[in-house]
Amino acid sequence: MSNQTKYISFRQTYPEFVYESYRYDVQSDGLHIVFTFRIGNHEFHPTAKIPPRRFLNFDLDSELMKRLVFNIGMIELISYWKCFCPPRVVVACGQLSASEREFWRKVYYNGLGEFFYINGIEASMEDFMELISPEREPGDYPQVAHLPKEDCCLVPIGGGKDSVVTLELTAEALGTRAHIVPLIMNPRGATVNCAAQAGYTMEEVLVIHRSIDPHLLELNAAGCLNGHTPFSAMLAFYTLLAAALSGIPHIALSNEASANEATVAATGVNHQYSKSKAFEDDFRSHVATAVGKGFNYYSFLRPLTELQIAMLFSREPKYFDVFRSCNAGSKEDRWCGKCAKCLFAYIILSPFISPERLDAIFGRNLLDDPQLEKYFMELTGHGETKPFECVGTIDEVNAALCMATTRWYGKRKPLLLQRHAPQPCKLPLDALSGDHNVPPLLFNKLKEHVQAAAMG
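Just so it is clear, the structure is predicted and the values come from calculations on it, not from any experiment.

> Could you give me a rundown of the environment of Lys 386, with the residues and numbers involved?
Tracing the backbone through its elements, the reader meets Lys 386 in the loop between α13 (373-379) and α14 (394-408). A relative accessible area of 5% places Lys 386 in the buried class. Along the primary structure Lys 386 and Thr 263 are separated by 123 residues, whereas in three dimensions their C-alpha atoms are 5.2 Å apart. Not counting chain neighbours up to four residues away, the residues in contact with Lys 386 comprise Glu 261, Ala 262, Thr 263, Glu 378, Val 391, Gly 392, Thr 393 and Ile 394.

Pasting the structure below:
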């Protein structure tokens, strides 16, 4: 049975998804959150927990807490909706204005672009979902009163090169590491090690433990529809709760300009949609009207290309042996060396770090591996699509390969470069994009470091 046939059949069998409830309470081991979603006779209860820290205040205004947790449930639900893709989503535990419903439908549809594409499902923005809820009258919520720490910043740590650059440069711009609170969701080797390398103990890190309902995994194994959902959008809503609990208004993500490029050329299908500037702008607008004013969510690295970020990261050698960007090897805290993400990371760093040092990081020269040829072709623009991973643009990949060839591979080129010469491409390393939401103080620090690094 094709996935398109499944999609149609499931929607007939399961016409309605219900966001029934959310609840939260503070226990001795932290803040606990539980959501209840239902599709027919299937119930889901995903959970989250935030352990106590000296800088967290769990005694927030109840109305603000309700809005924060309710919105987290709105983004969590999409992971469960996609099992059967019901045509109606009923929000039984909160109100939505017309503009809020349109925001959520846009996030769901664009965030599921890869899911629809990979599964061969034909769906349109107009007919994929009707979002039903009690009507909330238009009007903004008041300024959030729980964000007094104007000189501080939350920095989510993913364990890769990008968040390392954000962590280091924002701390320098603010004058002290004490004004930065790292945030880690579901700690693992690379995230914990990067925070430690930056000088933070786990008691100084804001931790979020998020758990998927096991029944979702059972349904996936039984043949229900499955695929990519907008993880970064989910993280965005959790960071709002973290900001309110810590009293810190500023949330500095590490999403670069490259995230705006479609994964499938000439379409809106983008693996990184929820890392894009379009999502960031929509999210900021939604938060101001549907949660409360005072939060400042932005990407610190938005003015930069992946090539520039790699250049800045290459100046932080203390992280070379602890950072990881490989999804396949994340649970074992290793580079798998067999996926597109590993190959991209190797390529984008190759102009700035010697082949010998890169080989020590990744275990070998990935450009000498013929089994990675398919990914190499996709990354350099010779495939039907880019890899469905968080990777840079085709121009950035080709520019990195051209630079590495000139700098390191004059006499002997690795196998993949022997077979496929990169498309000639040169990108400026000292120019920053003006399309961003970075505060002036931090933007000036970023610009200073980029221009200094570009000069060598």
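> Run through the side chain of Ser 314, naming residues and quoting values.
Tracing the chain through its elements places Ser 314 in the loop between α10 (306-313) and α11 (340-349). When residues no more than four places from it in sequence are discounted, the contact partners of Ser 314 are Phe 320, Phe 352 and Ile 353.

> I'd like a rundown of the packing of aromatic side chains, residues and numbers included.
Tallied over the full model, the rule gives 29 aromatic pairs. Aromatic side chains Tyr 7 and Phe 116 sit 6.4 Å apart centroid to centroid with 80° between the ring planes, which places their arrangement in the edge-to-face category. Residue Tyr 7 is found in helix α1 (residues 3-13), and its partner Phe 116 is found in helix α4 (residues 113-119); the two are separated by 109 residues along the sequence. A residue is classified by how much of its surface remains accessible, and Phe 116, at 5% relative accessible area, is buried. An aromatic cluster of at least three residues, connected via ring pairs, comprises Phe 17, Tyr 19, Tyr 22, Phe 35, Phe 37, Phe 44, Phe 70 and Tyr 80.

> Tell me about helix α5 (residues 161-174), residues and numbers included.
Helix length check: α5, at 14 residues, gives a terminal C-alpha distance of 20 Å against a target of 20 Å (1.5 Å per residue), a fit within 8%. Looking at α5, one finds that the buried residues are Lys 161, Asp 162, Ser 163, Val 164, Val 165, Thr 166, Leu 167, Glu 168, Leu 169, Thr 170, Ala 171 and Ala 173. Looking one or two residues past α5, Gly 175 carries a phi angle of roughly 90°, positive in sign.

> Break down helix α7 (residues 214-221) for me, citing the residues and quoting the values.
Inspection of α7 places Leu 216, Leu 219 and Asn 220 among the buried residues, and these make up the whole buried set. Buried residues in α7, looked at end-on, bunch into an arc of 105°, giving them a common side. Exposed residues pointing more than 90 degrees away from the buried face of α7 are listed as Pro 214, Leu 217, Glu 218 and Ala 221. Elements that come into contact with the buried residues of α7 comprise β3 (42-44) and α2 (62-81). One or two positions beyond α7, positive phi appears at Gly 223, with a value near 110°.

> So, the pattern of salt bridges: which residues are in play, and what are the values?
Applying the stated rule across the entire model yields 27 salt bridges. For Lys 106, the salt bridge goes to Asp 282, with nearest N and O atoms at 2.7 Å. Taken together, the positions of Lys 106 in helix α3 (residues 98-111) and Asp 282 in helix α9 (residues 277-290) put the pair 176 residues apart, joining distant regions of the chain. The exposure class assigned to Lys 106 is partly exposed, which follows from its relative accessible area of 32%. The network of salt bridges with shared partners includes Lys 161, Asp 162 and Glu 306.

> Residue-level account of the environment of Tyr 297, with values.
Mapping Tyr 297 onto the fold places it in strand β11 (residues 296-299). On the accessibility criterion, Tyr 297 (4% relative accessible area) is buried. Setting aside residues no more than four positions away along its own chain, Tyr 297 makes contact with Ser 232, Ala 236, Thr 239, Ile 251, Leu 253, Phe 279, Glu 280, Phe 283 and Arg 284.

> Explain the nonpolar core to me, using residue names and the numbers behind them.
Counting residues in hydrophobic clusters, the biggest one holds 82 residues, and the most contacted among them are Met 74, Trp 81, Leu 206 and Phe 295. If sequence neighbours within four positions are ignored, Phe 295 has contacts with Leu 68, Val 144, Leu 147, Leu 240, Ala 243, Ala 244, Pro 249 and Val 287. Counting residues in hydrophobic clusters, the runner-up holds 70 residues, among them Phe 313, Cys 339, Phe 352 and Ala 399.

Each value, and the rule that gives it
Residue numbering note: each chain is counted from 1, following its sequence as written. Totals for whole chains, interfaces and linings use every residue, but because this is a predicted model, local features are given only for residues with pLDDT of at least 70 and side-chain atom pairs only at 80 or more, for both listing and counting. Neither water nor hydrogens contribute to the side-chain values; these are computed over all heavy atoms in the structure. Each helix corresponds to a stretch of at least 4 residues labelled H or I by DSSP, and each strand to a stretch of at least 2 residues labelled E; elements are numbered beginning at the N terminus. Partly exposed residues are those whose accessible area sits between 20% and 50% of the maximum for their type, while under 20% is buried and over 50% is exposed, using a 1.4 Å probe and protein chains only. We call two residues in contact when some of their heavy atoms are within 4.5 Å. Pairing of aromatic side chains requires ring centres within 6.5 Å, counting the rings of Phe and Tyr and the six-membered ring of Trp. Pairs whose planes differ by under 30 degrees are stacked, by over 60 edge-to-face, and all others tilted. Here the expected span of a helix is defined as 1.5 Å times the quantity of residues minus one. As used here, the arc belongs to the directions running from the helix axis to the C-beta atoms. For this document, the term salt bridge refers to a Lys or Arg side-chain nitrogen within 4 Å of an Asp or Glu carboxyl oxygen. For our purposes a nonpolar core is just a set of buried Ala, Val, Leu, Ile, Met, Phe, Trp, Tyr and Cys residues, chained together by side-chain atoms within 4.5 Å.

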